[in-house]
Amino acid sequence: MALNRESATRWAWVEIDQGALRRNTRAFKGLLGPRQRLCCVVKADAYGHGAVECAKIMYATGADMLAVATVREGIELREGGIKAPILLLSEPPAESVSLLLEYEIMPSIYTAEFALAFGEAAVSAGVVGRYHMAIETGMNRIGVHHTEVVEFRRSIEFHRGIACDGVFTHFATADEPDGWDYKLQRRRFEEAVSAMQEAGFPCGIVHCDNTPASILDASSRYDMIRAGIGLYGLQPSDRTAAALPLDPVMSVRARVTRVAYPAMGEGVGYGFTYRVPRARVQVCTLPVGYADGLSRTLSNRMDVLFRGFRVQQVGNICMDQFMVAITQTSRRQMPEAEVGDVMTIMGRDGDEAITADEHARLRGTINYEVACDFGLRLERVYR
């Protein structure tokens, strides 16, 4: 059997729909006015979709800035040929300042110690280090407290080695823009920005919107939005899904590596948590497991797609493999599989689809985690 591109090293892969990624990027760009900017968040390897490849597509489709969570993620983009401005959405250890300057990565700043260390390194390098100031408005995660922003700026603004390129906050309840908590955070942010401006401190690019706020509250888009999960076609809430349709970018597929017909009563997988209930049940093995992001909590609870039909997963999901059962019933006659046949773990096959949201509901988590997990070690194929 000739090996296809996606199966050259292993019969399991993640498919990335480049067209869907472009459409989603354009959808967020379309929310903005002519002077507003789009920052595309590609942290966590673009939520499992491949940071460098996705960043190239987003930048070519209209992104103005890219955002990452770690210094290493920013360096990976630069080494991958990305020229766009890169924002680090946290304040890293002071030991990383030379790398930030070398690779032109703008850090978030919220402690004077880091700001001054960054400035000293910039002066030594003969450059000015640009940064974004994070403001704590209620999420209690990172940032300068909203009541202390002017005092903070006074403590660092004298340094000629640094310059403020932007200020931002992050909403904890952005999918509820009419809620009290959201409105309080927004008011605190606006008051903090106004206080800095009145004190004569430049704020640069003012931004606070993540995916849900970008979709649901046009008045809070300010100078820039930070789109994350929505770029990959995943919705943060039912409310955003109704407001801005998006196309899922990721599918997960695998080829059957073995077929068998265990006798009635025989067990399948570790612990024999599934036993064959009747004669003529075809058990198929697929080379994907919990080390690839397929959570073991889905054992005996999930389906996969085969030729447009849902097929039951059976037995405990292993580290590198799992099994499915194709069962014939009086109500439904199923096609049987052969070694090499493709099954869909997440994505569309004919009229049926298994979504990241379905996996998330079964796992008791969110679609963000599902997508990130599938990026652990499966090869990605871009189509």
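Residues numbered from 1 in each chain as written. Predicted model: local features only at pLDDT ≥ 70, side-chain atom pairs only at ≥ 80, totals over all residues. Heavy atoms only, no water.

(A) Spotlight on the nonpolar core. With 111 residues, the main nonpolar core has Leu77, Val167, Met343, Ile345 and Phe374 as its most contacted residues. No other element matches helix H3 (residues 51–61), which puts six residues into this core. With near-sequence residues (within four places) excluded, Ile345 lies in contact with Val252, Arg253, Ala254, Val288, Leu294, Met302, Asp303, Val304, Phe322, Ile354, His359 and Phe374. Residues Val268, Val276, Val281 and Met323 belong to the second largest nonpolar core, which totals nine residues. (Core = buried A, V, L, I, M, F, W, Y, C linked by side-chain atoms within 4.5 Å. Buried < 20%, exposed > 50% of the residue type's maximum accessible area, 1.4 Å probe, protein only. Helix = DSSP H or I, 4+ residues; strand = E, 2+ residues; numbered from the N terminus. Contact = heavy atoms within 4.5 Å.)

(B) Inspection of the packing of aromatic side chains at higher detail. Inspection of every chain in the model, using the stated rule, returns five aromatic pairs. Here Tyr47 and Tyr232 contribute two aromatic rings whose centre-to-centre distance is 5.0 Å and whose plane-to-plane angle is 35 degrees, an arrangement assigned as tilted. On the criterion of sequence distance, the pair formed by Tyr47 in helix H2 (residues 43–47) and Tyr232 in the loop between strand E11 (224–227) and helix H10 (238–243) is long-range, its members being 185 residues apart. Judged on exposure class, the residue Tyr47 and its partner Tyr232 are both buried. Among the aromatic residues, those joined into a ring-pair cluster are Tyr47, Tyr232 and Tyr368. (Phe/Tyr/Trp six-rings, centres within 6.5 Å; stacked < 30°, edge-to-face > 60°.)

(C) Just the environment of Gly315, in detail. In this structure, Gly315 sits in the loop between strand E18 (309–314) and strand E19 (322–327). Look past the residues within four positions of Gly315 in its chain and what remains in contact with it is Val268, Thr273, Tyr274, Ser299 and Asn300.

(D) Here's a closer look at helix H11 (residues 356–363). Listed as buried for H11 are Ala356, Glu358, His359, Ala360 and Arg363. Along its buried surface, H11 packs onto E18, strand E20 (342–349), strand E21 (352–354) and helix H12 (367–374). Positioned one or two residues after H11, Gly364 has a phi angle of 75 degrees, which is positive.

(E) Local environment of the pairing of E19. Most of E19 sits out of view: six of its six residues are buried. Residues Phe322, Val324 and Ile326 point to one face of E19 and Met323, Ala325 and Thr327 to the other, with burial holding for every one of them. As defined by bridge partners, strand E16 (residues 281–286) adjoins E19 across six bridges and the pair is classed as antiparallel. The residue of E19 that forms the bridge with Cys284 is Val324. Pairing geometry for E18 and E19, over three bridges, is antiparallel. (Pairing = 2+ DSSP bridges.)

(F) Layout of the pairing of E11. Residues of E11 alternate between two faces, with Met224 and Arg226 on one and Ile225 and Ala227 on the opposite face, all of them buried. The pairing of strand E2 (residues 37–41) with E11 spans four bridges and is parallel. Bridge pairing links Leu38 to Ile225 in E11. Strand direction decides the pairing type here: strand E10 (residues 205–209) and E11, joined by two bridges, are parallel. Pairing of Asp209 across the sheet is with Ile225, part of E11. You can see the chain leave E10, run along helix H9 (residues 211–216) and come back into E11, and the turn it takes is right-handed. (Right-handed = clockwise from strand over helix to strand, strands pointing away.)

(G) Quick look at the side chain of Asn210. Take Asn210: it is sitting in the loop between E10 and H9. A relative accessible area of 12% means that Asn210 is categorised as buried. For Asn210, the side chain forms a polar contact with the main-chain nitrogen of Ala213, separated by 3.3 Å. Once residues lying within four places of it in the same chain are set aside, the contact partners of Asn210 are His170, Phe171, Ala174 and Arg226. (Polar contact = N/O pair within 3.5 Å; in protein donor to acceptor, adjacent residues only side chain to side chain.)

(H) Structural view of the pattern of salt bridges. Across all of its chains, the model carries 21 salt bridges by this definition. The salt bridge partner of Glu336 is Arg280, with a shortest N-O separation of 3.1 Å. One end of the pair, Glu336, is in the loop between E19 and E20; the other, Arg280, is in the loop between strand E15 (274–275) and E16, and 56 residues separate them in sequence. Accessibility expressed as a relative area gives 25% for Glu336, which makes it partly exposed. Taken together, the shared-partner salt bridges in this structure form one network comprising Arg10, Asp292, Asp320 and Arg377. (Salt bridge = Lys/Arg side-chain N within 4 Å of Asp/Glu carboxyl O.)

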